[in-house]
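Take a look at the letters that make up each chain.
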Amino acid sequence: MKPPVVRARPADPATLGLALHLPGSRVGGKERQGSGAWLPAKAAAFGPGATRRPRLGDGRGERRPGGSSAMGSRSSHAARIPDVDSIRRETGFSQASLLRLYHRFRALDRTGKGYLSRMDLQQIEALAVNPLGDRIIDSFFPDGSLRLDFPGFVRVLAHFRPVDEEEDGNRDPKEPEPLNSRMNKLRFAFQLYDLDRDGKISRHEMLQVLRLMVGVQVTEEQLESIADRTVQEADEDGDGAVSFLEFTKSLEKMNIEQKMSIRILK
């Protein structure tokens, strides 16, 4: 059987879109789905039923002794979240969303130590089977840190919060750019591929990521061809690598808001 034909066309998500492996990336003319698509896996990873243990209640409709519901005690529960007001301002999450995420954080923290380790996140099945699972987990532990607290947990997830057009229109331009802005979503995606954190995606880094995502379905020669053409098409200054600015230009026609938003994170 002949190996699949691999094409990378200009002005197509198959340039950097193939490397990002967002829905719509194509290999051999066929759209790839499944474990390689890290964004859908991200959604599954922190949604209901993500861990390998029974899910803790999310506070909706749960009955408490004496007939009171968890809904009525939401404010008191939110008060237990450290620096909740500061977190709300920084991430844009509603109190209800923070409470759900706090329950998820505590469910992942199986030993009750008050923080998450890499091992805790590795227990999430959707990340365990994802080719880029380790890179996604790395994003939660910047600068080699070993502990992930709740503010750090939601700060990363805030990049995937859907954009509220009304909220965005009323934003004070003097305030910091929201974590879920288009540029910050792109910065998050970029750092998954900038393996050595030097601010550029080299051919070697592109090739490493492609090897993880494509597996054995494409030959090494074809992968090298994809990496070469992807970098060449995006590399405007001819330095042999893709800067963040070049990265954003390559994806300027892509609906990043749709590709990098998780509906439950409002």
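What about the environment of Leu210?
Piece 1. Position of Leu210 relative to the elements: it lies in helix α12 (residues 203-214).
Piece 2. It is 9.8 Å that separates the C-alpha atoms of Leu210 and Pro131, two residues lying 79 residues apart in sequence.

Thoughts on the nonpolar core
Piece 1. The biggest cluster of nonpolar side chains holds 55 residues, and the ones touching the most others in it are Leu98, Leu121, Phe140, Phe150, Phe153, Val154 and Phe247.
Piece 2. Beyond its immediate chain neighbours, meaning those up to four positions away, Phe150 contacts Ile81, Ile87, Leu98, Leu101, Tyr102 and Phe105.

Quick word on helix α11 (residues 182-193)
Piece 1. Its 12 residues place the ends of α11 17 Å apart at the C-alpha level, agreeing with the 16 Å of an ideal helix rising 1.5 Å per residue.
Piece 2. Here α11 lies mainly inside the structure; nine of its 12 residues are buried.
Piece 3. For α11, the complete set of buried residues consists of Asn184, Lys185, Leu186, Phe188, Ala189, Phe190, Gln191, Leu192 and Tyr193.

Focus: the confidence of the model for the protein chain
It should be kept in mind that the predicted coordinates are not to be read in detail where pLDDT is low.
Piece 1. Per-residue confidence for the protein chain averages 73 on the pLDDT scale, and 65% of its residues sit at or above 70.
Piece 2. When the criterion is pLDDT under 50, residues 47-74 qualifies, and its contacts beyond four places in sequence or with other chains add up to 42 contacts.

Comments concerning the packing of aromatic side chains
Aromatic ring pairs: the centre-centre distance and the angle between the two ring planes describe each pair.
Piece 1. According to the stated counting rule, one finds nine aromatic pairs in the structure shown.
Piece 2. Note on Phe105 and Phe150: the rings are 5.6 Å apart at their centroids and 80° apart in plane angle, and the pair reads as edge-to-face. Placement of Phe105 in helix α5 (residues 95-108) and of Phe150 in helix α9 (residues 150-157) is noted, with a sequence separation of 45 residues between them.
Piece 3. Since its relative accessible area comes to 4%, Phe105 is described here as buried.
Piece 4. Judged by its relative accessible area of 3%, Phe150 falls in the buried class.
Piece 5. Judged by centre distance (6.4 Å) and plane angle (35°), the ring pair of Phe150 and Phe153 falls under tilted. Here the residue Phe150 and the residue Phe153 both occupy positions in helix α9, the gap between them amounting to three residues, near one helical turn. Across this residue pair, the class does not change: Phe150 and Phe153 are buried.
Piece 6. Each member of the aromatic cluster is reached from another via a ring pair, and the members are Tyr102, Phe105, Phe140, Phe150 and Phe153.

Some thoughts on α9
Piece 1. Counting buried positions over the eight residues of α9 gives seven, a clear majority of the element.
Piece 2. Considered for burial, the residues of α9 that qualify are Phe150, Pro151, Gly152, Phe153, Val154, Val156 and Leu157.
Piece 3. Capping the start of α9, Asp149 holds a side-chain oxygen 2.9 Å from the backbone nitrogen of Gly152, two or three residues further along.

Let's talk about the side chain of Ser243
Piece 1. Positionally, Ser243 belongs in strand β4 (residues 241-243).
Piece 2. Among residues more than four places away in sequence, those in contact with Ser243 are Phe190, Gly199 and Lys200.

What to know about the environment of Leu179
Piece 1. Mapped onto the elements, Leu179 comes out in the loop between α10 (165-169) and α11.
Piece 2. We classify Leu179 as buried; its relative accessible area is 16%.
Piece 3. Those residues within four positions of Leu179 in sequence are excluded, and the remaining contacts are Glu90, Thr91, Arg155, Ala158, His159, Asn184 and Lys185.

Quick word on the pattern of salt bridges
Piece 1. Within the structure shown, the criterion is met by 10 salt bridges.
Piece 2. For the salt bridge of Lys113 with Asp120, the shortest nitrogen-to-oxygen distance reads 2.8 Å.
Piece 3. Taking relative accessible area as the criterion, Lys113 reaches 31% and is therefore assigned partly exposed.
Piece 4. In this structure Asp120 comes out as buried when scored by relative accessible area, which is 10%.
Piece 5. Linking Glu177 and Arg187 is a salt bridge whose minimum nitrogen-to-oxygen distance equals 3.6 Å. Pair noted here: Glu177 is in the loop between α10 and α11 and Arg187 is in helix α11, with a separation of 10 residues, a long-range link.
Piece 6. In this structure Glu177 comes out as partly exposed when scored by relative accessible area, which is 37%.

Regarding the packing of helix α4 (residues 84-91) against α9
Piece 1. At a closest axis distance of 10 Å, the pairing of α4 and α9 adopts a crossing angle of 20°. With respect to α9, the element α4 is oriented roughly parallel. With respect to the hand of their crossing, α4 and α9 are arranged in right-handed fashion. Within the contact between the two elements, α4 uses Ile87, Glu90 and Thr91 and α9 uses Phe150, Pro151, Val154 and Arg155.
Piece 2. For the contact of α4 with α9, the residue count by class is four nonpolar, one polar and two charged.

Rules used throughout
- Residues numbered from 1 in each chain as written.
- Predicted model: local features only at pLDDT ≥ 70, side-chain atom pairs only at ≥ 80, totals over all residues.
- Heavy atoms only, no water.
- Helix = DSSP H or I, 4+ residues; strand = E, 2+ residues; numbered from the N terminus.
- Core = buried A, V, L, I, M, F, W, Y, C linked by side-chain atoms within 4.5 Å.
- Buried < 20%, exposed > 50% of the residue type's maximum accessible area, 1.4 Å probe, protein only.
- Contact = heavy atoms within 4.5 Å.
- Expected span 1.5 Å × (residues − 1).
- pLDDT = per-residue confidence, 0-100.
- Phe/Tyr/Trp six-rings, centres within 6.5 Å; stacked < 30°, edge-to-face > 60°.
- Polar contact = N/O pair within 3.5 Å; in protein donor to acceptor, adjacent residues only side chain to side chain.
- Salt bridge = Lys/Arg side-chain N within 4 Å of Asp/Glu carboxyl O.
- Axes fitted to C-alpha atoms, helices over the stretch in contact; angles between N-to-C directions.
- Parallel < 35°, antiparallel > 145°, perpendicular 65-115°, else oblique.
- Left-handed = near helix turned anticlockwise from the far one by under 90°.
- Nonpolar A, V, L, I, M, F, W, Y, C, P; charged D, E, K, R; others polar.

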